[in-house]
Amino acid sequence: MPPRPSGAQPPPNPGPPPPRGITMLGAQQTGKTTFLAALQIALLRKPDLGWSLTGDNPGSTQALINFMNSMSHDHEFPQPTGAIENYRWSLEAELPKAVREWDRWRFRRRDLYLRVPLELMDAPGESADGRLLGRNLSGRLVENLARSAGIVLFFDPVSEFERGDAFVHSYGVLAQLRSQAARRGRLPHHVAVCITKFDEIRVLESAQKLRVVEYDLGQEEFPGVPEEYAAEFFNRLIRLSRSDNAGLILPLLEQTFHKERVRFFVTSAIGFYLDPSVGVFDPDDYQNHIPGVPPEPDRIRGAIYPINVIEPVLWLGRTVARTAR
Amino acid sequence: MFPAASEPASQSAAAADHRDEGYTLTTELFLQLDREQPPDDASTARCVTAEWALWGKEANETAYRVLRCSDGTFGVDDFREIITRYASGVKEELPQYTVCWIPSGQGHQAYLAVAIHELADPDPSRSGERSRTAGGREIEFVRLFCVRYAEMAGLGVSYTELIESVREHQLRPGETAPIPVTLRSETATRHAAPSRLMLENVVALLLTAHPVCVLEAEGTTAKERLLFIEQVMSLLPYGLRIRLSASTWASSTAQDLKLRLFFANARRDDGSKTSYLTWGVPQPVDLSAPRYDAVRLYLSWLHQVGSGAAPELAELTKPLRFTDPDIRRMVATLPRDRSVTETLEVLADSLGKDDITGIRGAVDRLKRHLASQERLADREACRQVIFGRGLLKDRLGLNPSTRASVYRVVLKLAFDAPLTYASYCEIEHAIGGRPGGALRSVLLRDFKIASFIPFILVAKAPPGFRDQELVVSLSQRGIPPTSPIDEVAGFAASIQSKHRVTVCDFAVHYLRHTAEDPWRALKRRGYLAETLEALFPGNIKEQRTRLHEILRLGYGERLSPDQIRDLFDHSGPHPTAALEDVARSMAASPRAVKLIAQQAAFARVSSAGYAEDALILTRGRVQRSRPPIRQTVRLIPRGTIYTMLVLLLMLAFVVFLLLTAAHV
């Protein structure tokens, strides 16, 4: 225990070793950090869900603030991750009359407070490959994955079409992970496979051609891919990959994880552009990602309407919380 | 000599203001002073060799990697491991700086390294052919420079010094050789820490072997935070740098930070391994636990030694670790503080041996002593060593910047500021001539000079500024036209004879070229006749030359009778022999020569206190043909006296005749 300045408050609840968390896994530039950064905005966009996000330590709270400022105020994408970042957030909800219980002579319903701790580890995409960022970082990523209960696996169809590195990226890490943590041949993790950047023109057009798009019945009428079609969409997308090995990703996932513990989500961290004066999705003008003309970086065109960002995190969070109990 | 009341009020006020500021050069002359100094000789300049790597990505790449590196001791894999090991996570702004260490092993020695985290410069000529973005995101480049610990310790190189010295090396494609880095000397002591207590707290916490994080320093720049890190390390033995990793910014959510000292915007969730301090908030650290006895002893040594600690610690270059046994060993062998005079003796010895490290160490220590006013009480003892050991003498073997840093501290120890004429004379006496080169440069640049006389003597010392340059410079600084000449006149007798020509000639030159009516100012000062007589007593020739110039300014080549009378106006000062001599030489005729002699004589009578008589004599002579001056006041007219005398004589004759007739 280091000496403290006199009068300084003790550090807030160091507590026992951190609970099993959720690790973000994906090749570089697949949108891991942007996904995390959009989580708070996604929850604020859907107040009817009743969930909110809070930081569990000062650093994580500060990160939430920085993400929010960067994306919603400055219209900038968050800075790429250079080291493994560990965000400790919590999803909290006050669910009205969610619990039915016997009270003396009758059943009563009472409100339920739920808190799902999220320990989210965001690693640079390059860290999966020991040749790129060195053995230290690569080893730490595998250690983190082994400690995690959930994995968010990012698949970016655009970069897969251009680079085709998803299989190479995943295979090395998962092989190492299996050697460390597999029980009876499969890893115990729950995996949310997120097909990202749904807001990109090419991705949306592909989904439309495959007829897997449904339009939200809400006010904005955003398109989306329902979860029941997401795996199929993923399967079709990997056929468009630049790499011949991309077709091996699904079998790799099936071999590595229990099938019932893998779910697919088609997501977009920044969502589609919505003209504020119209307020409805415009199929002729929806691109929210404005590519920068070098040396200027890319920017976000308008307000952020994340798609399927809460769902995988909430599912994994609840699962992890159950596992921890 | 000349009453201030005779000057216009504004000039007097300007002169008074100027006395407070001292004499100084304009920017143009400072630049010229820089050009006069030869660049540091490569053989004597402090130089280290840096191995380097550039981390980042090309515009068309997605993954960070070592883009290029030197082909020295370390290869691509080594550099990658170093950079990723000390990664400090997401940064809110760039640039940021990291300092770290590389242990010895695999056939190489231990190294210290500095890393500059930055975006590529938008100016292509300064970007080192790096792209600012890739895939629409800004690229955080890392320029890493590694220098052998032995080199760093041998020259006492600070982190700030190394980073400033490598800053311009952009690491362009095609470069592969390790870089020779000429170290830039730090000319001024800068302060980043909000208080000494803050520095000592960080030092104490580092010695407890726990990482230290400084919070709420977002208002400072990365450079200031780097300077703070340097200041902290200057209060620890240099040998501990071989185990120090520090960064001007680290993400508080970054996992597994390998930093011992860093700045962040929030506490880390790391099981309270880290100690936290808040920038600018003085908080005493609780070190009462028995296991911190070595730390307490170290802090008490720091307090005891005070400002002299840093130079002493800079010499403790034996590698140390941040471990309890090493800290205890270090505390047991801490050096006692050297006094100022002892340090001056060390400096003299080091200068004698051309020992650059010794000179630098002594100079640094003296700087610390200078910062501590209580240590300057014994100035006379310092002066004895400085003059006795010839510390002001020019050391041509040293490079100019080292010479300048030596002069800077030695002069400040020997003389009070601002520098007076008496102090200047002592400097001349000590070096056996006029101060030139680095000494002159330091006097002009770093010293406030009290008055015109020492200023002009320094400024005109070889190679010397031209008169016109100095006139412009002083004029721009608001020196009144008559201020130099009045100072020369006031102190004429006390100015050393070898300085008189320089100060007198420039003062007259300045007056003639800056005054609105120089002739009037000179006339009011008696054509400087008496000043010149005081400056060059018995030397008529020196006086004549200057007086002739002055008189020519107002009267031309030849003097008319009216000009002669004007020149020797009875209200003026005592006409010196030289003035009469010069006037005679300018006489247009023999009659004019006679008039000059006459007027000079009257002027002398007048200045001797017989002004009234001189006036009478002068007017009587001049107005002889005119009616009597006081005719109207004569009680008995001159004709009446004569008539009465005749009548008296006639009466006496009649009386005589009557008496003779009566007798007969």
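Here the structure is a predicted model, which means the values were calculated and not measured.

Caption draft 1: Inspection of the overall build of chain A at higher detail. Secondary structure summary: chain A contains 9 helices and 11 strands in total. The buried share among the 325 residues of chain A stands at 51%. Taking contacts inside chain A between residues at least 6 apart in sequence as the whole, the part at least 24 apart equals 76%. Total accessible area on chain A stands at roughly 15500 Å², and carbon and sulfur atoms take up 50% of it.

Caption draft 2: How the structure looks around the overall build of chain B. A count of helical and extended segments in chain B gives 28 helices and 12 strands. Taken over 664 residues, chain B has a buried fraction of 51%. For chain B, the proportion of contacts with a sequence separation of at least 24, taken over those separated by at least 6, is 71%. On chain B, roughly 30500 Å² of surface is accessible, and the fraction owed to carbon and sulfur atoms is 54%.

Caption draft 3: Quick peek at the interface of chain B and chain A. At the junction of the two partners, chain B supplies 49 residues and chain A supplies 51 residues. For the pair chain B and chain A, the two sides together bury roughly 4000 Å², of which 50% comes from carbon and sulfur. Of all residues in chain B, B:Arg137, B:Thr253 and B:Gln255 give up the largest surface area on contact with chain A, accounting jointly for 18% of the area buried on that side. Between the two partners, chain B and chain A, sit 2 salt bridges.

Caption draft 4: Main features of a nonpolar patch on the surface. Taken together, B:Ile641, B:Tyr642, B:Leu645, B:Leu648, B:Leu651, B:Val655 and B:Leu659 make up a surface patch of nonpolar side chains, about 710 Å² in accessible area. By the secondary structure assignment, B:Leu645 is in helix α28 (residues 638-663).

Caption draft 5: A negative patch on the surface, seen in detail. Side chains of B:Glu92, B:Glu93, B:Glu216 and B:Glu218 sit close together on the surface and give a patch of like negative charge. Inspection of the secondary structure assignment puts B:Glu92 in the loop between α3 (76-85) and β3 (96-102).

Caption draft 6: Representation of the packing of helix α14 (residues 400-414) of chain B against helix α16 (residues 437-446) of chain B within the structure. All names here are of chain B. For the pair α14 and α16, interaxial distance at closest approach is 9 Å and the crossing angle is 55°. Looking at the two axes, α14 sits oblique to α16. Our pair here, α14 against α16, has a crossing hand that is right-handed. Residues Pro400, Arg403, Ala404, Tyr407, Arg408, Leu411 and Lys412 of α14 pack against Ala438, Leu439, Val442, Leu443 and Asp446 of α16. The class makeup of the residues in the contact of α14 with α16 is 8 nonpolar, no polar and 4 charged.

Caption draft 7: Spotlight on the packing of helix α1 (residues 32-45) of chain A against helix α2 (residues 58-73) of chain A. Residues and elements named next belong to chain A. Two numbers describe how α1 lies on α2: the axes approach to 9 Å, and their chain directions differ by 85°. In terms of orientation, α1 lies roughly perpendicular with respect to α2. Contact residues: Thr33, Thr34, Ala37, Ala38, Gln40, Ile41 and Leu44 in α1; Leu64, Phe67, Met68, Met71 and Ser72 in α2. Of the residues in the contact of α1 with α2, the class split is 8 nonpolar, 4 polar and no charged.

Caption draft 8: Region of interest: the pairing of strand β1 (residues 22-25) of chain A. All names here are of chain A. Residues Ile22 and Met24 point to one face of β1 and Thr23 and Leu25 to the other, with burial holding for every one of them. As paired strands, β1 and strand β4 (residues 106-122) are joined by 3 bridges and run parallel to one another. Each bridged residue has a counterpart across the sheet, and for Met24 the counterpart in β4 is Asp122. Here 4 bridges tie β1 to strand β5 (residues 150-155), and the two strands are oriented parallel to one another.

Caption draft 9: Geometry of the nonpolar core. All names here are of chain B. Residues Phe228 and Tyr298 are the most contacted members of the largest nonpolar core, which totals 99 residues. Once residues within four sequence positions are removed from consideration, Phe228 is found in contact with Ala192, Ala193, Pro194, Met198, Leu199, Val202, Val214, Phe263 and Trp279. Among the nonpolar cores identified, the runner-up in size contains 94 residues, and Val442, Leu474, Leu532 and Ala592 belong to it.

Caption draft 10: Structural detail: the pairing of β5(A). Residues and elements named next belong to chain A. Within β5, 6 of the 6 residues are buried, leaving the element largely enclosed by the surrounding structure. A two-sided burial pattern is seen for β5, the buried positions comprising Gly150, Val152 and Phe154 on one face and Ile151, Leu153 and Phe155 on the other. Pairing between β5 and strand β6 (residues 190-195): 6 bridges, direction parallel. Following the sheet pairing, Gly150 is matched in β6 by His190.

Caption draft 11: The sheet that holds β4(A), seen in detail. All names here are of chain A. The 7 strands are arranged β2-β3-β4-β1-β5-β6-β9 in an open sheet whose pairing can be described as mixed. Both outer strands of the open sheet, β2 (51-55) and β9 (262-266), are each paired with one neighbouring strand and no more. Between one strand axis and the next, the sheet turns through 25° on average, direction left out of account. Lying over the sheet, helix α7 (residues 227-237) contacts β5, β6 and β9, oriented at roughly 85° with respect to β9.

Caption draft 12: Seen up close, the packing of aromatic side chains. All names here are of chain A. Evaluation of the coordinates by the stated rule reveals 31 aromatic pairs over all chains. Each ring, one from Phe198 and one from Phe272, has its centre 5.7 Å from the other, and the planes form 75°; the classification is edge-to-face. Of this pair, Phe198 sits in the loop between β6 and α6 (201-209) while Phe272 sits in the loop between β9 and β10 (289-290), placing them 74 residues apart in sequence. The same class applies to Phe198 as to Phe272, namely buried. Relative to Phe281, the ring of Tyr215 has its centre 6.3 Å away and its plane inclined at 45°; by these criteria the two rings are tilted. Pair noted here: Tyr215 is in strand β7 (residues 214-215) and Phe281 is in the loop between β9 and β10, with a separation of 66 residues, a long-range link. Among the aromatic side chains, those forming a connected cluster through ring pairs are Phe198, Tyr215, Phe222, Phe272, Phe281, Tyr286 and Tyr305.

Caption draft 13: Inspection of the pattern of salt bridges at higher detail. All names here are of chain B. For the coordinates displayed, the defined rule picks out 54 salt bridges over all chains. Residue Glu118 is joined to Arg143 by a salt bridge in which the shortest nitrogen-to-oxygen separation is 2.5 Å. Pair noted here: Glu118 is in strand β4 (residues 111-118) and Arg143 is in strand β7 (residues 141-148), with a separation of 25 residues, a long-range link. The pair formed by Glu118 and Arg143 is uniform in burial state, with each residue classed as buried. Residues joined in a network through salt bridges with shared partners are Arg544, Glu580, Asp581, Arg584 and Arg604.

Caption draft 14: Representation of the state of the cysteines. Using the criterion set out here, one finds 0 disulfides over all chains in the structure. Free of any disulfide, B:Cys146 has its nearest neighbouring cysteine sulfur in B:Cys100, separated by 6.8 Å.

Caption draft 15: Fine view of helix α7 (residues 222-234) of chain B. Look at α7(B): 18 Å from first C-alpha to last across 13 residues, which is about the 18 Å you get at 1.5 Å a residue. Of all 13 residues in α7(B), 11 are buried; the element is thus mostly enclosed.

Caption draft 16: A look at the confidence of the model for chain B. Residue and element names in this part refer to chain B. Confidence in the prediction for chain B averages 84 pLDDT; 88% of positions are at 70 or higher. Low pLDDT, under 50, characterises residues 1-20; the stretch is placed with 24 contacts to residues that sit more than four places away or in other chains. Scored as a whole, the predicted complex attains pTM 0.67, and scored at its interfaces, ipTM 0.83.

Caption draft 17: Main features of the environment of B:Thr220. Residues and elements named next belong to chain B. Considering the arrangement of structural elements, one finds Thr220 in the loop between β9 (212-215) and α7. Expressed as a C-alpha distance, the spacing of Thr220 and Trp279, which sit 59 residues apart in the sequence, is 9.5 Å. Beyond its immediate chain neighbours, meaning those up to four positions away, Thr220 contacts Arg225 and Trp279. Side-chain polar atoms of Thr220 contact the backbone oxygen of Ala217, separated by 2.6 Å.

Caption draft 18: Representation of the confidence of the model for chain A. Across chain A, pLDDT averages 85, with 89% of residues at or above 70. Within chain A, no element has a lower average pLDDT than helix α3 (residues 130-147) of chain A, which sits at 75, and none a higher one than β9(A), at 96.

Caption draft 19: Structural view of unusual backbone geometry. All names here are of chain B. Of the consecutive residues Ala417 and Pro418, the connecting peptide bond is found in the cis state with omega at -5°. With respect to the element layout, Pro418 can be found in the loop between α14 and α15 (421-431). Backbone torsion omega between Pro462 and Pro463 reads 5°, so that peptide bond is classified as cis. With respect to the element layout, Pro463 can be found in the loop between α17 (452-459) and α18 (467-476). Within the chain, Gln106 stands out as a residue other than glycine whose phi angle is a positive 50°.

Rules behind the numbers
- Residues numbered from 1 in each chain as written.
- Chains lettered and ligands numbered in written order.
- Predicted model: local features only at pLDDT ≥ 70, side-chain atom pairs only at ≥ 80, totals over all residues.
- Heavy atoms only, no water.
- Helix = DSSP H or I, 4+ residues; strand = E, 2+ residues; numbered from the N terminus.
- Buried < 20%, exposed > 50% of the residue type's maximum accessible area, 1.4 Å probe, protein only.
- Contact = heavy atoms within 4.5 Å.
- Areas by Shrake-Rupley, 256 points an atom, 1.4 Å probe, with all protein chains shown as cover.
- Buried area = accessible area lost by both parts, 1.4 Å probe.
- Salt bridge = Lys/Arg side-chain N within 4 Å of Asp/Glu carboxyl O.
- Patch = residues over 30% accessible without salt bridge, like charges linked within 9 Å, V, L, I, M, F, W, Y side chains within 5 Å.
- Lys, Arg positive; Asp, Glu negative; His and termini not counted.
- Charge placed at Lys NZ, Arg CZ, Asp CG, Glu CD.
- Axes fitted to C-alpha atoms, helices over the stretch in contact; angles between N-to-C directions.
- Parallel < 35°, antiparallel > 145°, perpendicular 65-115°, else oblique.
- Left-handed = near helix turned anticlockwise from the far one by under 90°.
- Nonpolar A, V, L, I, M, F, W, Y, C, P; charged D, E, K, R; others polar.
- Pairing = 2+ DSSP bridges.
- Core = buried A, V, L, I, M, F, W, Y, C linked by side-chain atoms within 4.5 Å.
- Phe/Tyr/Trp six-rings, centres within 6.5 Å; stacked < 30°, edge-to-face > 60°.
- Disulfide = S-S within 2.5 Å.
- Expected span 1.5 Å × (residues − 1).
- pLDDT = per-residue confidence, 0-100.
- Polar contact = N/O pair within 3.5 Å; in protein donor to acceptor, adjacent residues only side chain to side chain.

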